[in-house]
Amino acid sequence: MDTSKKKREHCMKYKMPAVIFAGGKSSRMGKDKALLPFSGYKTLAQYQYERLQKLFEVVYLSAKEDKFDFEAAFIPDRYEISSPLAGIVTVFETLDVEEVFILSVDAPFVNETVINTLMKKKRQEDDTVIAKTQSGLQPLCGIYRHTVLPLAKTALKENRHRLTHLLKEVQSSFVMFEEESLFANLNHPHEYEKALKHLIQ
């Protein structure tokens with residue numbers, strides 16, 4: 001493959017939208033983690049938004065309210081309860097799209113290689129394509145199709161919020177990744193501090 005073709009391929013962005021889920025309560029962090037500074041950006045949300053913009057034609061932020069101080073497409077949660085399941089239902093009730101890539105705001109080490117791998121594993125019959133590690137499924141790193149909406153709405157109505165349950169009810173592909181650290185979530189202050197040190201190294 002010549003370098004010009006490689007360059008063209010690298011510049012191509014995914015047409016499916018990416019949605020960053022940034023509406024969690026952050027109760028374990030003690031403050032809104034989406035608004036913590038990260039890697040030279042004023043907030044973790046902006047860091048995630050800017051880097052996903054390099055890979056996707058359209059990127060959205062999903063949260064209860066537009067609390068962000070930078071220009072970004074925004075999807076407000078339609079439901080009072082704070083849960084990723086409610087976020088997924090809201091996304092498909094708001095956007096007229098067939099599929100989306102979803103990433104949690106507090107997973108800053110999910111890289112381009114992970115995303116490209118998930119995209120390549122996508123099959124026509126799949127409702128979801130989800131990252132998996134030795135520690136288990138990573139439901140907020142994956143592709144969701146509009147076909148999950150009916151079961152997701154039923155689960156929401158029945159107050160069953162575990163995404164792992166939804167993933168078992170639909171046609172899901174799970175893609176194994178060996179490197180656990182890529183999926184580190186910044187839930188507690190010590191995890192945030194560790195992530196900041198990791199950036200310096």
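Rules used throughout
- Residues numbered from 1 in each chain as written.
- Predicted model: local features only at pLDDT ≥ 70, side-chain atom pairs only at ≥ 80, totals over all residues.
- Heavy atoms only, no water.
- 1 Å grid on protein atoms, 1.4 Å probe; cavity = no way out; pocket = protein on both sides within 12 Å on 5 of 7 lines; lining within 4 Å.
- Points joined across faces, edges and corners; volume = space filled by probe spheres on them.
- Helix = DSSP H or I, 4+ residues; strand = E, 2+ residues; numbered from the N terminus.
- Nonpolar A, V, L, I, M, F, W, Y, C, P; charged D, E, K, R; others polar.
- Pairing = 2+ DSSP bridges.
- Axes fitted to C-alpha atoms, helices over the stretch in contact; angles between N-to-C directions.
- pLDDT = per-residue confidence, 0-100.
- Contact = heavy atoms within 4.5 Å.
- Core = buried A, V, L, I, M, F, W, Y, C linked by side-chain atoms within 4.5 Å.
- Buried < 20%, exposed > 50% of the residue type's maximum accessible area, 1.4 Å probe, protein only.

A. A look at the layout of surface pockets. Quantified by volume, the largest pocket comes out at close to 890 Å³. Lining of the largest pocket is provided by 40 residues; of these, Lys33, Pro84, Ser104, Asp106 and Leu140 occupy positions nearest its centre. Elements represented by at least two residues in the lining of the largest pocket include exactly α3 (84-94), β4 (99-104) and β6 (136-145). Top contributing element to the lining of the largest pocket by residue count: β6, with five residues. Residue classes in the lining of the largest pocket are distributed as 17 nonpolar, 14 polar and nine charged. What the second largest pocket holds in volume is close to 330 Å³. Around the second largest pocket sit Phe109, Glu179, Ser181, Leu182, Ala184, Asn185, Leu186, Asn187, Glu191, Lys194, Ala195 and His198, which together line it.

B. Structural context of the sheet that holds strand β2 (residues 59-63). Taken in spatial order, the seven strands line up as β3-β2-β1-β4-β6-β5-β7 in an open sheet, and their pairing is mixed. Looking at the sheet topology across the chains shown, the edges are occupied by β3 (73-76) and β7 (172-176). Mean inter-strand twist for the sheet, computed between neighbouring axes without regard to direction, equals 30°. Across six bridges, the pairing between strand β5 (residues 128-133) and β6 is antiparallel. The residue of β6 that forms the bridge with alanine 131 is glutamine 138.

C. Representation of the confidence of the model for the protein. Of all residues in the protein, 92% attain a pLDDT of 70 or more, and the chain-wide mean is 91. Ignoring residues within four places in sequence, the model shows residues 4-8, a span with pLDDT below 50, making one contact including any to other chains.

D. Spotlight on the nonpolar core. Counting 41 residues, the largest nonpolar core has Phe56, Phe101, Leu118 and Cys141 as the members making the most contacts within it. Every element with two or more residues in this core is listed here: β1 (18-21), α2 (44-53), β2, β4, α4 (112-121), β5, β6 and α7 (189-200). No other element matches α2, which puts five residues into this core. With 24 residues, the next largest nonpolar core counts Ile75, Ile88, Phe92 and Tyr144 among its residues.

E. Structural view of the pairing of β4. In terms of residue burial, β4 counts as a mostly covered element, since six of its six residues are buried. By the bridge criterion, four bridges tie β1 to β4 in an arrangement that is parallel. Across the sheet, the residue bridging to alanine 18 is phenylalanine 101, located in β4. Taken together, the five bridges between β4 and β6 define a ladder with antiparallel strand orientation. In the sheet register, glutamate 99 faces β6, and the bridge partner there is arginine 145.

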